[in-house]
Amino acid sequence: MKLKKEKELSVLASNKNIKSGLGQSHAKIILIGEHSVVYGKPSIALPLSAVKTTAHITSLATKQILIECRYFSGVLTAMPESMHGLQHLIKYILEQKLLTTKLTAGIKIKITSQLPEERGMGSSAAVAVAVTRALYDYFNQSLSQQELLKLVNIAEIDTHGNPSGLDAATSASSQPIWMIKGKQLITIPIKLDAWLLICDSGIKGKTGEAVASVKQRLHDYPEETKKLLTKLEKAALVARTQLENNDVTGLGKTFSAAQQALAALGVSSPRLDNLIKLSLHYGSLGSKLTGGGRGGCFICLMPTEAAAQKAAQLLKQAGAADYWIQPLSSKENL
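Per chain, residues are indexed from 1 in the order of the written sequence. This being a predicted model, a pLDDT of at least 70 is required before a residue's local features are given, and a value of 80 or more before pairs of side-chain atoms are given or counted; all residues contribute to the totals for chains, interfaces and linings. Derived side-chain values reflect all non-hydrogen atoms in the structure, with water molecules and hydrogen atoms excluded from consideration.

- Under an unreviewed UniProt entry, the protein chain has the name Mevalonate kinase and belongs to Liquorilactobacillus ghanensis DSM 18630.

Next up, the structure:
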């Protein structure tokens, strides 16, 4: 009788380990404030809810931790150097944050992402957010927004060195984010009857290189560079008011002014410049690069969805690799 009881308990314990966890996040784009955000100026970022990253965790019979994604498939300890931030995050959560749960079986973490890498859309942060949420879901543990962002920052520090926190905050939010590094991070309303067309230039962005070049420029030409950073600061302040007051035409002009400042900082590129110029010809009210620059994506403010679709097709014919369309209207869901 005792042996039968022990066998029943063993079966129950085994069944208990057959479980799963799910975590999701999404892309982000910076509406305004690239590079100046590094120097304590405000920036505005928008979550792209239609461009998702999903992490799905299932239990394994063997005590392994397996990772499956488009860049790697294998055990956690064999992840490449380029994925060290994610590896560090997973180890930290399992070893330091979820000690009370004990990993009694192996797990497989499958990551599926619609985000292109190195395009200024917050790919690494989106993966970190989705994986963290999935782990906490798998172990049935509560997770506050504040704790989530702290954990994601572990991976972001390894990946980017000195992240602003904007990518993580926006990838984890359903609302636009207003941020001043180290001082303020809040959600803000958008009441704008317009559409945003996000286009991939087809060239990987070079965020680290661009950030380093601005830093060097600030050292070599301090007065001129400070003026450009101040222009970007003023553009962010003006854009916030325009977003809240349905000033579509005004925001278009602000986008174009910000692009001029970013180009003067040296973070645009001939390909971006050409595609942005074409977008204005195709009906954009204002266009600019988004993210670190030197490639990556650019955004176009469009008056209607139909206009956005038409411009997107023309820009693809001109060399844009991909595009996404996002409503900005308060009547639409972000």
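### Examining the overall build of the protein chain
Next up, step 1: Only DSSP runs of H or I reaching four residues or more are called helices, and only runs of E reaching two or more are called strands; each is numbered from the N terminus. Helix and strand content of the protein chain: 10 helices and 11 strands.
Next up, step 2: Based on C-alpha atoms, the radius of gyration is set beside the globule rule, defined as 2.2 Å times the residue count to the power 0.38. Relative to the 2.2 N^0.38 estimate, which gives 20 Å for 334 residues, the radius of gyration of the protein chain is 22 Å and therefore close to what a compact globule would have.
Next up, step 3: Taken along the three principal axes of its C-alpha coordinates, the protein chain extends 80 × 45 × 35 Å.
Next up, step 4: Burial here depends on accessible area, computed with a 1.4 Å probe over protein chains only, as a share of the maximum for the residue type. Under 20% is buried, over 50% is exposed, and the range in between is partly exposed. In the protein chain, which comprises 334 residues, the share counted as buried stands at 48%.

### Considering helix 3 (residues 123-138)
Next up, step 1: Take the number of residues in a helix, subtract one, and multiply by 1.5 Å to get its expected span. In a regular helix each residue adds 1.5 Å, so 16 residues correspond to 22 Å; helix 3 covers 22 Å between its end C-alpha atoms and thus fits that length.
Next up, step 2: The element helix 3 is largely enclosed, with a buried count of 13 among its 16 residues.
Next up, step 3: Once helix 3 ends, the next one or two residues include Asn140, with phi positive near 55 degrees.

### Describing the domain arrangement of the protein chain
Next up, step 1: Taken as a whole, the protein chain is organised into domain 1 (20-187) and domain 2 (195-327).
Next up, step 2: Residues count as neighbours in contact if any of their non-hydrogen atoms are within 4.5 Å of one another. Each partner contributes residues to the interface: domain 1 has 24 residues there, and domain 2 has 36 residues.
Next up, step 3: For the pair domain 1 and domain 2, the two sides together bury roughly 2600 Å², of which 67% comes from carbon and sulfur.
Next up, step 4: Joining two parts hides part of their accessible area as seen by a 1.4 Å probe, and the buried area is that hidden amount summed over both. It is Ile32, His35 and Arg119 that lose the most area in domain 1 upon contact with domain 2, and together they represent 27% of the buried surface on that side.
Next up, step 5: Salt bridges are counted wherever a side-chain nitrogen of Lys or Arg sits within 4 Å of a carboxyl oxygen of Asp or Glu. Counting across the interface, domain 1 meets domain 2 through two salt bridges. Domain segmentation is taken from an automatic or database assignment of domains.

### Re the UniProt feature "domain: GHMP kinase C-terminal" (unreviewed entry) in the protein chain
Next up, step 1: UniProt positions are given in the numbering used here, feature names are shortened, and annotations may be inferred rather than shown by experiment. Following the UniProt record, one finds the feature "domain: GHMP kinase C-terminal" (unreviewed entry) at residues 241-318.
Next up, step 2: Across residues 241-318, the secondary structure splits into 60% helix and 13% strand, with the terminal C-alpha atoms separated by 34 Å.

### Observations concerning unusual backbone geometry
Next up, step 1: Positive phi, close to 55 degrees, is recorded for Asn140, a residue that is not glycine.
Next up, step 2: Within the secondary structure, Asn140 is located in the loop between helix 3 and helix 4 (145-160).
Next up, step 3: Accessibility expressed as a relative area gives 70% for Asn140, which makes it exposed.
Next up, step 4: One non-glycine residue, Arg294, adopts positive backbone phi at about 60 degrees.

### Some details on the pairing of strand 5 (residues 106-113)
Next up, step 1: When DSSP locates at least two bridges between a pair of strands, those strands are taken to pair. Where strand 2 (residues 43-60) meets strand 5, eight bridges bridge the pair, whose relative direction is antiparallel. Directly across from Thr53, in strand 5, lies its bridge partner Ser113.
Next up, step 2: Here strand 3 (residues 65-68) runs beside strand 5; their pairing, made up of four bridges, is parallel. Bridging from a neighbouring strand, Glu68 pairs with Lys110 of strand 5.

### Describing the sheet that holds strand 8 (residues 195-200)
Next up, step 1: A sheet is described by the order of its strands in space; here four strands give the open sequence 9-10-8-11, paired in antiparallel fashion. The outermost strands of the open sheet, each flanked by one partner alone, are strand 9 (287-290) and strand 11 (322-327). The average angle at which neighbouring strand axes cross in this sheet is 25 degrees, direction not considered.
Next up, step 2: Of the strand pairs in this sheet, strand 8 and strand 11 are connected by six bridges, and their pairing is antiparallel. Following the sheet pairing, Leu197 is matched in strand 11 by Ile325.
Next up, step 3: Helix axes are fitted only over the stretch in contact, all axes being lines through C-alpha atoms; the angle between N-to-C directions runs from 0 to 180 degrees. Sheet strands touched by helix 8 (residues 248-265): strand 8, strand 9 and strand 10 (297-302). Its angle to strand 9, the strand with the most contacts, is close to 55 degrees.

### Some details on the pattern of salt bridges
Next up, step 1: This model, assessed by the stated rule, comprises seven salt bridges.
Next up, step 2: Two residues, Lys288 and Glu34, come together in a salt bridge whose shortest N-O distance is 2.7 Å. Taken together, the positions of Lys288 in strand 9 and Glu34 in the loop between strand 1 (20-32) and strand 2 put the pair 254 residues apart, joining distant regions of the chain. With respect to burial, Lys288 and Glu34 carry one shared label: buried.
Next up, step 3: The closest approach of N and O atoms between Glu244 and Arg240, which form a salt bridge, is 3.4 Å. Of this pair, Glu244 and Arg240 both sit in helix 7 (residues 222-244), four residues apart, which is roughly one turn of that helix.
Next up, step 4: You can call Glu244 partly exposed: its relative accessible area is 29%.
Next up, step 5: For Arg240, a relative accessible area of 23% puts it in the partly exposed group.

### Looking at the packing of helix 7 against helix 8
Next up, step 1: Interaxial distance between helix 7 and helix 8 falls to 9 Å at its minimum, and their mutual angle equals 160 degrees. Between helix 7 and helix 8, the angle falls in the class roughly antiparallel. Regarding helix 7 and helix 8, the two cross each other, and that crossing is left-handed. Each of Thr225, Leu228, Leu229, Lys231, Leu232, Ala235, Val238, Ala239, Gln242 and Leu243 in helix 7 lies in contact with helix 8, whose residues at this interface are Gly250, Leu251, Thr254, Ala258, Ala261, Leu262, Ala264 and Leu265.
Next up, step 2: Residue type decides the class: Asp, Glu, Lys and Arg count as charged, Ala, Val, Leu, Ile, Met, Phe, Trp, Tyr, Cys and Pro as nonpolar, and the leftover types, Gly among them, as polar. Grouping the constituent residues of the contact of helix 7 with helix 8 by class yields 13 nonpolar, four polar and one charged. Relative orientations are named as follows: roughly parallel for angles under 35 degrees, roughly antiparallel for angles over 145 degrees, roughly perpendicular for angles from 65 to 115 degrees, and oblique for any other angle. Handedness of a crossing follows from how the near helix is turned relative to the far one, being left-handed for an anticlockwise turn of less than a right angle and right-handed for a clockwise one.

### A few points about the side chain of Lys41
Next up, step 1: Locating Lys41 in the fold gives a position in the loop between strand 1 and strand 2.
Next up, step 2: Here Lys41 is in contact with Ser36, Met179, Ile180, Leu229 and Glu233, once residues within four sequence places are set aside.

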